[in-house]
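Coordinates in review
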Amino acid sequence: MSLHILTINAGSSSLKLALFGVEDSPKKSFEAVIDDIGSPAAAFAATGAKLPAVNKPVAAPDHQAAARLLTDWLKQVHEGTIDAIGHRIVHGGPKYYEPHVIDDTVMEDLGKLTLFDPEHLPIELQLIGVFQALYPNATQTACFDTAFHHDLPNVARLLPIPRQYAAKGIRRYGFHGVSYAFVLSELERLEGAEVAQGRLILAHLGNGVSLTAVHQGKSIDTTMGLTPASGVPMSSRAGDLDPGLA
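Residues numbered from 1 in each chain as written. Predicted model: local features only at pLDDT ≥ 70, side-chain atom pairs only at ≥ 80, totals over all residues. Heavy atoms only, no water.

Description of the sheet that holds strand 11 (residues 218-222)
Selection rule: Note: two strands are recorded as paired if DSSP finds a minimum of 2 bridges between them. Helix and strand labels come from DSSP, where a helix needs a run of H or I of at least four residues and a strand needs a run of E of at least two; each type is numbered from the N terminus. Orientation is described by lines fitted to C-alpha atoms, with helices fitted over the stretch in contact, and by angles between N-to-C directions that extend from 0 to 180 degrees. Here a residue-residue contact requires only that any non-hydrogen atoms of the pair lie within 4.5 Å.
If you walk across this open sheet you meet the three strands as 9-10-11, and the pairing is antiparallel. The open sheet terminates on both sides in strands that have one partner only, identified here as strand 9 (199-205) and strand 11. Taking each pair of neighbouring strands and ignoring which way they run, the sheet shows an average axis angle of 35 degrees. Relative to strand 11, strand 10 (residues 209-215) is paired through four bridges, and the arrangement is antiparallel. Bridge assignment links Ala-213 to a residue of strand 11, and that residue is Asp-221. Its contacts with the sheet place helix 5 (residues 177-191) against strand 9 and strand 10, and it is angled at close to 130 degrees to strand 9.

A word on the sheet that holds strand 3 (residues 26-35)
If you trace the eight strands from one edge of the open sheet to the other, you get 5-4-3-2-1-6-8-7, paired in mixed fashion. What marks the edges here is a single partner per strand, and that holds for strand 5 (51-57) and strand 7 (100-101). Bridge count between strand 4 (residues 43-48) and strand 5: five bridges; the pairing is antiparallel. The residue of strand 5 that forms the bridge with Ala-45 is Asn-55.

As for the side chain of Thr-212
The cut-off we apply is this: Residues adjacent in sequence count toward polar contacts only when both atoms are side-chain atoms; beyond that, a polar contact is any pair of N or O atoms within 3.5 Å, and within protein one must be able to donate a hydrogen and the other to accept it.
Within the secondary structure, Thr-212 is located in strand 10. Within the structure, the side chain of Thr-212 is placed 2.9 Å from the side chain of Thr-222, a separation counted as a polar contact. Contact partners of Thr-212, with chain neighbours within four places excluded, come to Phe-148, His-149, Tyr-180, Leu-200, Ile-201, Leu-202, Ser-219, Asp-221 and Thr-222.

With respect to the packing of aromatic side chains
Basically, it comes down to this: To pair, rings of Phe, Tyr and Trp, with the six-membered ring standing in for Trp, must have centres within 6.5 Å; the planes then decide the type, stacked if under 30 degrees apart, edge-to-face if over 60, and tilted in the middle. Exposure classes here rest on a 1.4 Å probe applied to the protein chains alone. A residue is buried below 20% of its type maximum, exposed above 50%, and partly exposed in between. Definition used: whenever NZ (Lys) or CZ (Arg) falls within 6 Å of the ring centre and also within 35 degrees of the ring normal, the charge is taken to sit over that ring.
Enumeration according to the criterion identifies four aromatic pairs in this entry. Geometrically, the ring pair formed by Tyr-96 and Phe-144 is stacked, given 5.9 Å between the ring centres and 20 degrees between the ring planes. Here Tyr-96, found in the loop between strand 6 (84-89) and strand 7, pairs with Phe-144, found in strand 8 (residues 139-144); they are 48 residues apart in sequence, far enough to count as distant. For Phe-144, a relative accessible area of 3% corresponds to the buried category. Taken together through their ring pairs, the aromatic side chains of Phe-30, Phe-44 and Trp-73 make up a single cluster. Taking NZ or CZ as reference, Arg-171 lies 4.9 Å from the ring centre of Tyr-173, over its face.

Regarding the pattern of salt bridges
If the charged atoms of two oppositely charged side chains come close together, the side chains can form a pair. Our working definition: Salt bridge, as applied in this entry: a Lys or Arg side-chain nitrogen positioned within 4 Å of an Asp or Glu carboxyl oxygen.
What the rule picks out here adds up to six salt bridges. A salt bridge links Glu-186 to Arg-189; the shortest N-O distance between them is 2.7 Å. Of the two residues, Glu-186 and Arg-189 both sit in helix 5, three residues apart, roughly one turn of that helix. On the accessibility criterion, Arg-189 (57% relative accessible area) is exposed.

Description of helix 3 (residues 121-134)
Counted only if it meets this: A helix's residues, less one, multiplied by 1.5 Å, set its expected span.
In a regular helix each residue adds 1.5 Å, so 14 residues correspond to 20 Å; helix 3 covers 20 Å between its end C-alpha atoms and thus fits that length. Those residues of helix 3 that sit buried are Leu-121, Ile-123, Glu-124, Leu-125, Leu-127, Ile-128 and Phe-131. In this structure, the buried side of helix 3 is in contact with strand 1 (3-10), strand 2 (15-22), helix 1 (63-77), strand 6, helix 2 (104-111) and strand 8.

Things to note about the environment of Gly-169
Note on placement: Gly-169 falls in the loop between helix 4 (154-157) and helix 5. Between the C-alpha atom of Gly-169 and that of Lys-95, which follows or precedes it by 74 residues, the distance is 8.7 Å. Gly-169 has contacts with Pro-94 and Leu-226, leaving out every residue within four places of it along the chain.

Okay, structure coming up:
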């Protein structure tokens, strides 16, 4: 009997899901995405081996509307059970960086971090509740974008402020880690381990943007800091501006 794993990725302007069947190893059954949420150009696309491809405009003024569209579609194309659900969570603060089963304590702790990431975390926490209501018997797990950067060297991790604040979790966290880990694995698959273990500059280019320096498979510096609002300019985030502008 195969297990079914659903993965959820909520970005600042997109919402993606994919279903995997697991016997000996995970095998993707289908995936779906709503892009350009909040824009008149919002579109829904879905692909799967046993499903007709879909690509059409939709009305998705916010992530809640996008979630309703995706969950309605999911119930139509998958009538079976969901055994586990994995969520990409942008910010885990100093406490959470490794994958973690979501329970009431985790939800309470993440709720306290929403000031660090008001664009992503409230939406992600709402989605956890949506899928808990849909699939109450599924185990939900959080995978954190900050994990890839957790072991940044001190020169990159520490901010130029009194050290007492570092002990309270005020540090450079870095984000887009799930994306960077995937890019690194693909680089190794395509170009070999020697290239992937070298000195690299990786870029995540989307509604949110960041760059990361990688050496021997580890993040050694990154443009985003305490929150995903810092770094280079993005579509709805100013990034790091010269203080002289004030």
